[in-house]
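Structural overview
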Amino acid sequence: MIGPVTDSHSPHGGPHHTHHHGPAAPVSRHLRTVIAAVLIPFATAVLVGLVALWPGGAPEGEDGRTGVGFDRQTQEARVTKSEEVDCADVNAQQQDGDAATAGPCRLLTVEVTTGPHVGRTFTEVLTPDATRRPDTGQGVVVAYAPQAPEELQYSIVDIEREFPMILLAVFFALVVVAVGRLRGLLALVGLAVTFGVLTLFILPAILQGSNPLLVAVVGGSAVMLVTLYLCHGLTARTSVAVLGTLISLVLIGLLGSLFIDWAELSGNTDDQTALVHSLYPDIEIRGLLLAGVLIGSLGVLDDVTVTQTSAVWELKQADPTASRRGLYSAAMRIGRDHIASVVNTLVLAYAGAALPLLLLFSIAEAGVGRVATSELVAEEIVRTLVGSIGLVASVPVTTGLAALVVSAGLGREDAGLRRAPRGRRRRAR
């Protein structure tokens, strides 16, 4: 009886595995050198950019106060009592005839639980049109104004929601690790790196007056390099995905810059952007718009390029004799399905973010064409279409690169693997 043939020896004495269920065989040393010659200078340029653009922290406004509202002193508190009262009795009478705001007011008694005045209580009136309506026993966030009269120093500004947010984050991490195991754990580390680059580099650097597009390119490239190699290993397969992502980002940047300028989009279309521009006039708002397009597309690009590269590698392992053209055609059939779902995902993601805006325009009396070409909507259309073009282009670009690399680096080796077992079987007989 002939046992299963598991390996054969190369001319150099090393074992060659005949099955193809493990990791892909490495590409040739020559191809690794070529890939390194491209990626090492790129990674070096990203590192130099990080050092050159690294901010010293977010700048402060006059007297250390920005006026945005998030820099005021806050403490934690708890609602100890809630009762209905007549709005007229607490000098909070609503407008006559306004059905939406009709009804009784609520008088809250609130106890401060942190800070210099633990145990102090104050009252606050909630009118019928109040959007936040905490009840007895609920935790709240209160603003503290030390210069105000004692009875007006504290006021409710938000609901305390720390526990459900932490619980959701822990549940998310457990699900990712339970399903993804080590890869899931590495993905969480990559997520932490992304958050760190965003909060420690990208946002402060833009506030310091650095070019938003340059900051987004450097920061996004750093995130791409760290997360892809961390999650998928320092391999040629990952390097091909990095190259495909880089080429697609360049395309998105060029198209975004062209059409943002051509359509004369200012990027200053909402209250938040206007406030940032008024506080920090040195920030280039149009560049901020383009930076947002790049960063928003990067996450989906990673998914597409990694998937296409893996598809090509697995197809080559399944059929080591497949030609470069055959690999490309088979992987593109997978990629076309991916394109359909990814483009729809991107459009829905932007539509979800701009849903209130879309609702407002849906009841407007202006025609569809006028609405679509208004700056508010045109900005979202350009953002969506430019990102989608980059995503679609990443499929053939990455698939072509992967087919080229895997054919040149694996074809000859794997062909030898297929011949060796037959030789051993003949000898065994």
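All of the points below concern the structure found in this document. (Residues numbered from 1 in each chain as written. Predicted model: local features only at pLDDT ≥ 70, side-chain atom pairs only at ≥ 80, totals over all residues. Heavy atoms only, no water.)

1. Some details on unusual backbone geometry
Test applied: The way it works is that DSSP assigns letters per residue, a run of H or I at least four long becomes a helix, a run of E at least two long becomes a strand, and they are numbered from the N terminus. Burial classes: relative accessible area under 20% of the type maximum marks a residue as buried, over 50% as exposed, and values in between as partly exposed (1.4 Å probe, protein chains only).
Even without glycine at this site, Arg181 takes up a positive phi of about 55°. Secondary-structure assignment places Arg181 in helix α2 (residues 162–207). Here Arg181 falls in the exposed class, since its relative accessible area comes to 65%.

2. Looking at the state of the cysteines
Definition in use: The criterion for a disulfide is a pair of cysteine sulfur atoms lying within 2.5 Å.
Under the criterion given, the structure shown has 1 disulfide. Bridging Cys87 to Cys105, the disulfide has an S-S length of 1.9 Å. Taking the torsion about the S-S bond as the criterion, the Cys87 to Cys105 disulfide, at about 105°, is right-handed. With Cys87 in the loop between β3 (73–85) and β4 (105–112) and Cys105 in strand β4, this residue pair connects regions lying 18 residues apart in the sequence. The pair Cys87 / Cys105 is uniform in exposure class, with both members buried.

3. A look at helix α6 (residues 285–318)
In plain terms, the rule: What a helix is expected to span follows from its residue count: subtract one and scale by 1.5 Å. The angle between axes fitted to the seven-residue stretch ending at a residue and the seven-residue stretch beginning at it gives the bend at that residue.
The end-to-end C-alpha distance of α6 is 50 Å, a good match for the 50 Å that 34 residues give at a rise of 1.5 Å each. Leu298 marks where α6 bends most, by close to 35°.

4. Thoughts on the pattern of salt bridges
Convention followed: The working definition used for a salt bridge is a side-chain nitrogen of Lys or Arg within 4 Å of a carboxyl oxygen of Asp or Glu.
Considering all chains together, one arrives at 9 salt bridges under this definition. The shortest N-O distance in the salt bridge between Arg161 and Asp158 comes to 3.1 Å. You can call Arg161 partly exposed: its relative accessible area is 40%. Here Asp158 falls in the partly exposed class, since its relative accessible area comes to 23%. Across the pair Glu379 and Arg383 runs a salt bridge, and its minimum N-O distance is 3.2 Å. Taken together, the positions of Glu379 and Arg383, both in helix α10 (residues 375–428) and 4 residues apart, correspond to about one turn of that helix. Grouping residues by exposure puts Glu379 and Arg383 together as buried. Three or more residues joined by partner-sharing salt bridges are found here, namely Arg132, Asp158 and Arg161.

5. Description of the packing of aromatic side chains
The cut-off we apply is this: Any two rings among Phe, Tyr and Trp, with Trp reduced to its six-membered ring, count as a pair given centres within 6.5 Å; such a pair is stacked if its planes are under 30 degrees apart, edge-to-face if over 60, and tilted if neither.
This structure, assessed with the given rule, holds 4 aromatic pairs. Taken together, a centroid distance of 5.6 Å and an interplanar angle of 25° make the contact between Trp54 and Phe201 stacked. On the criterion of sequence distance, the pair formed by Trp54 in the loop between α1 (29–53) and β3 and Phe201 in helix α2 is long-range, its members being 147 residues apart. In this structure Trp54 comes out as partly exposed when scored by relative accessible area, which is 48%. Every member of this aromatic cluster is reached through a ring pair, and the members are Phe122, Tyr144 and Tyr154.

6. Brief notes about helix α4 (residues 236–262)
For α4, built from 27 residues, the straight-helix expectation of 39 Å at 1.5 Å per residue is met to within 8% by its first-to-last C-alpha distance of 39 Å. One or two residues past the end of α4 sits Glu264, with phi positive at roughly 55°.

7. Quick look at the sheet that holds β4
Either a parallel or an antiparallel arrangement is found when strands of a sheet pair, and the pairing is made through backbone hydrogen bonds. Our working rule: Strand pairing is assigned whenever DSSP identifies at least 2 bridges connecting the two strands. An axis is simply a line fitted to the C-alpha atoms; with a helix, the fit covers only the stretch in contact. Between two such axes, the angle follows the N-to-C directions and lies from 0 to 180 degrees.
Ordered by their spatial adjacency, 5 strands build an open sheet running β5-β4-β3-β6-β7, and the pairing between neighbours is antiparallel. The strands lining the two open edges of the sheet, one partner per strand, are β5 (121–126) and β7 (154–159). Ignoring strand direction, the axes of neighbouring strands in this sheet form an average angle of 45°. Relative to β7, strand β6 (residues 139–144) is paired through 5 bridges, and the arrangement is antiparallel. If you follow Ala143 over to β7, its bridge partner there is Ser155.

8. Here we look at the nonpolar core
What counts is decided by this rule: Nonpolar cores are built from buried Ala, Val, Leu, Ile, Met, Phe, Trp, Tyr and Cys residues. Side-chain atoms within 4.5 Å join them into one set. Contacts: residue pairs with any heavy atoms within 4.5 Å of one another.
Of all hydrophobic cores here, the largest spans 56 residues; its most connected members are Phe201, Val215, Val242 and Trp313. Of all the elements in the fold, those that place two or more residues in this core are α1, α2, α3 (212–232), α4, α6, α7 (324–353) and α10. When residues of this core are assigned to their parent elements, the largest contribution, 11 residues, is made by α6. When residues no more than four places from it in sequence are discounted, the contact partners of Val242 are Leu39, Met224, Leu225, Leu228 and Tyr229. Counting 13 residues, the second-largest nonpolar core is a separate cluster that includes Leu108, Val112, Phe122 and Ile159.

Purely spatial values, then, with no claim about function.
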